[in-house]
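Given next are the chains, with one letter for each unit.
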Amino acid sequence: MISARKVQNVGGERNSVGDIHGTYRGQSITLIRDTDPSAIQLASAIAGFEATKQKLRPPILQRHVVSKKFFKEKEKILATYTERLGQNKQTRQYKEVFAELSRQRYKREYRGEDQQDALRDALLYKVAENFGEVTEQDNVLEFAIATHPLEREVLETEIVQVKKIIEFFTDPPTQTINIGFANSERIKWSEKLAALEDSLETGDAFKTQLLRARELLQKTHKQAIRDGYNLIPKAAAVLSQGHGDGGTQSAISLAVTYRDEVLKMANPLDVFETFIRRQEKKRESFRPYIDSMIALFGIDIASSNPSRSQEELRHIRDGLFRIEICGQIYDSVGALGGNTRRMFPGTAHKQRQ
């Protein structure tokens, strides 16, 4: 675009309303400085002068701004899927993982038709690498799938714009621009168009492999994923009531513990022994553990979508009662041992020897 200073240096003059007129390289120039140029006018400006006719455009707030819509809609989709599992604080991680997944489609080793299974497996590996629980992995894949139509719309819009620019440079005499310059610009924008169309094609292939990855994940962990979506919101409700280990436990970890230890309970003693082994490493207290399990069980059995049948949940309730009794005995024995060591410190020293 020619500035007012540049036009004046080639013989232009400024009139009372602020327009600039003159000639440049033998071409007439009219620059209306208070308008925003369209894509075609910007292409004309690259040649070093302005189109002689400019279409007045509405104010920017009244225009359809694709980039603004894209980011707004993408944030809305992201919020839907993070809130679904109470992961509002992990939006940055979701974005980073989505970017990692998107980069896989551009890797040369995954471009061939015979490499699509490898691409699917790479997507599964990336989500598993960043999220340890299968419900989280499924949720991230669903977020990526839901984002694809929005990205496709942006690409299609950009393709339309680039085609208009190419069309502008296809007829240099009509547009009164240099033929050599028009040919070089047309080649450059044609390469841009090819790249955009390739991105559109790889994006569709990417979505196909995301769907296949999610299908394989759900086939392998169907019940665990279903339980996760069912229990994580309930676990969040339990934590909001003050249960759990002092606020350090997440809804996902509470739901996973309940799912993997309580719902799969065959013998209450096995669950208690599992807790004891974990307690030795994490120094976890039994009382908050059993309280949170009982609270989550109460919400689960009273909900409109219980995780198991009423008969199964009744058996689990009896098991939780036995686990609680084991814990009380364990705490009593521990308290007795502590009192003994305080009263007879030498005995404890001899036992360690």
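Just so it is clear, the structure is predicted and the values come from calculations on it, not from any experiment. (Residues numbered from 1 in each chain as written. Predicted model: local features only at pLDDT ≥ 70, side-chain atom pairs only at ≥ 80, totals over all residues. Heavy atoms only, no water.)

## A word on the overall build of the protein chain
The line we're drawing: Each helix corresponds to a stretch of at least 4 residues labelled H or I by DSSP, and each strand to a stretch of at least 2 residues labelled E; elements are numbered beginning at the N terminus. Each residue gets one of three labels from its accessible area relative to the maximum for its type: buried under 20%, exposed over 50%, partly exposed in between, using a 1.4 Å probe on protein chains only. Here, two residues are considered to be in contact whenever any of their heavy atoms come within 4.5 Å of each other. Only the protein chains shown count as cover for residues, and the accessible areas themselves come from Shrake-Rupley with a 1.4 Å probe.
Scanning the protein chain for helices and strands turns up 14 helices and 3 strands. A buried classification covers 39% of the 353 residues belonging to the protein chain. Taking the intrachain contacts of the protein chain between residues at least 6 apart in sequence as the baseline, contacts between residues at least 24 apart amount to 66%. Total accessible area computed for the protein chain in this model is approximately 20,800 Å², and 52% of it derives from carbon and sulfur atoms.

## Thoughts on the nonpolar core
Nonpolar side chains tend toward joint burial in soluble globular proteins. So the rule is basically this: Only buried residues count toward a nonpolar core, which is a set of Ala, Val, Leu, Ile, Met, Phe, Trp, Tyr and Cys residues joined through side-chain atoms within 4.5 Å.
Counting 58 residues, the largest nonpolar core has Leu 101, Leu 210, Tyr 258, Ile 316, Leu 320 and Ile 323 as its most contacted members. Not counting the four nearest positions on each side in its chain, Ile 323 is found in contact with Met 265, Pro 268, Val 271, Phe 272, Phe 286 and Ile 290. By size, the runner-up hydrophobic cluster in this structure holds 13 residues, among which are Ile 166, Phe 168, Leu 193 and Leu 196.

## Observations concerning the pattern of salt bridges
Spelled out, the test is: Within this document, salt bridges are pairs made up of a side-chain nitrogen of Lys or Arg and a carboxyl oxygen of Asp or Glu, the two lying within 4 Å of each other.
Summed over the entire model, instances satisfying the criterion amount to 23 salt bridges. Across the pair Asp 138 and Arg 214 runs a salt bridge whose closest N-O atoms are separated by 3.5 Å. Here Arg 214 lies in helix α8 (residues 179–220) and Asp 138 lies in helix α6 (residues 134–170), a separation of 76 residues in the sequence. With its nearest N and O atoms 2.3 Å apart, the salt bridge here joins Arg 214 to Glu 142. Taken together, the residues Arg 214 in helix α8 and Glu 142 in helix α6 connect sequence positions 72 residues apart. Judged by its relative accessible area of 13%, Glu 142 is buried. Several salt bridges converge on common partners, so that one network encompasses Arg 84, Asp 138, Glu 142 and Arg 214.

## Structural notes on the side chain of Glu 324
Mapped onto the secondary structure, Glu 324 falls in helix α13 (residues 310–343). Exposure remark for Glu 324: the relative accessible area of 18% places this residue in the buried category. Apart from residues lying up to four places away in sequence, Glu 324 is in contact with Phe 286, Arg 287, Ile 290 and Ile 294.

## Describing the side chain of Ser 199
Turning to its location among the elements, Ser 199 is positioned in helix α8. On the basis of relative accessibility, which here comes to 16%, the residue Ser 199 falls in the buried class. Setting aside chain neighbours within four positions, we find Ser 199 in contact with Tyr 106 and Leu 155.

## Here we look at the packing of aromatic side chains
For clarity, the threshold we go by: Here is the rule: rings of Phe, Tyr and Trp (six-membered ring for Trp) pair when centre to centre is within 6.5 Å. Planes less than 30 degrees apart are stacked, more than 60 are edge-to-face, and the remainder are tilted.
Counting across every chain of the model gives 11 aromatic pairs. On the numbers, 5.2 Å between centres and 65 degrees between planes, the contact of Phe 70 with Phe 71 is edge-to-face. Of the residues examined, Phe 70 reaches a relative accessible area of 13% and is grouped as buried. A centroid spacing of 5.1 Å and a plane angle of 70 degrees characterise the contact between Phe 275 and Phe 286, whose relative ring orientation is edge-to-face.

## Overview of the packing of α6 against helix α9 (residues 222–240)
Selection criterion: Comment: axis = line fitted to C-alpha atoms, over the contacting stretch for helices; angle = value between 0 and 180 degrees taken between N-to-C directions. Should an angle fall under 35 degrees it is called roughly parallel, over 145 degrees roughly antiparallel, and 65 to 115 degrees roughly perpendicular, with every other angle called oblique. Any residue outside Ala, Val, Leu, Ile, Met, Phe, Trp, Tyr, Cys, Pro, Asp, Glu, Lys and Arg is labelled polar, Gly included; the first ten of those are nonpolar and the last four are charged.
Taken N-terminus to C-terminus, the directions of α6 and α9 make an angle of 90 degrees; their axes are 8 Å apart at the nearest point. With respect to each other, α6 and α9 are oriented roughly perpendicular. Here Val 134, Thr 135, Asp 138, Asn 139 and Glu 142 of α6 come into contact with α9, specifically with Ala 224, Ile 225, Gly 228, Tyr 229 and Ile 232. Partitioning the contact of α6 with α9 into residue classes produces 5 nonpolar, 3 polar and 2 charged.

## Some thoughts on helix α12 (residues 286–302)
Rule in force here: Multiplying 1.5 Å by the helix residue count minus one yields the expected span of that helix.
Given a rise of 1.5 Å per residue, 17 residues ought to cover 24 Å, and the 24 Å separating the end C-alpha atoms of α12 matches this to within 8%. Taken together, the buried positions of α12 are occupied by Phe 286, Tyr 289, Ile 290, Ser 292, Met 293, Ala 295, Leu 296, Phe 297 and Asp 300.

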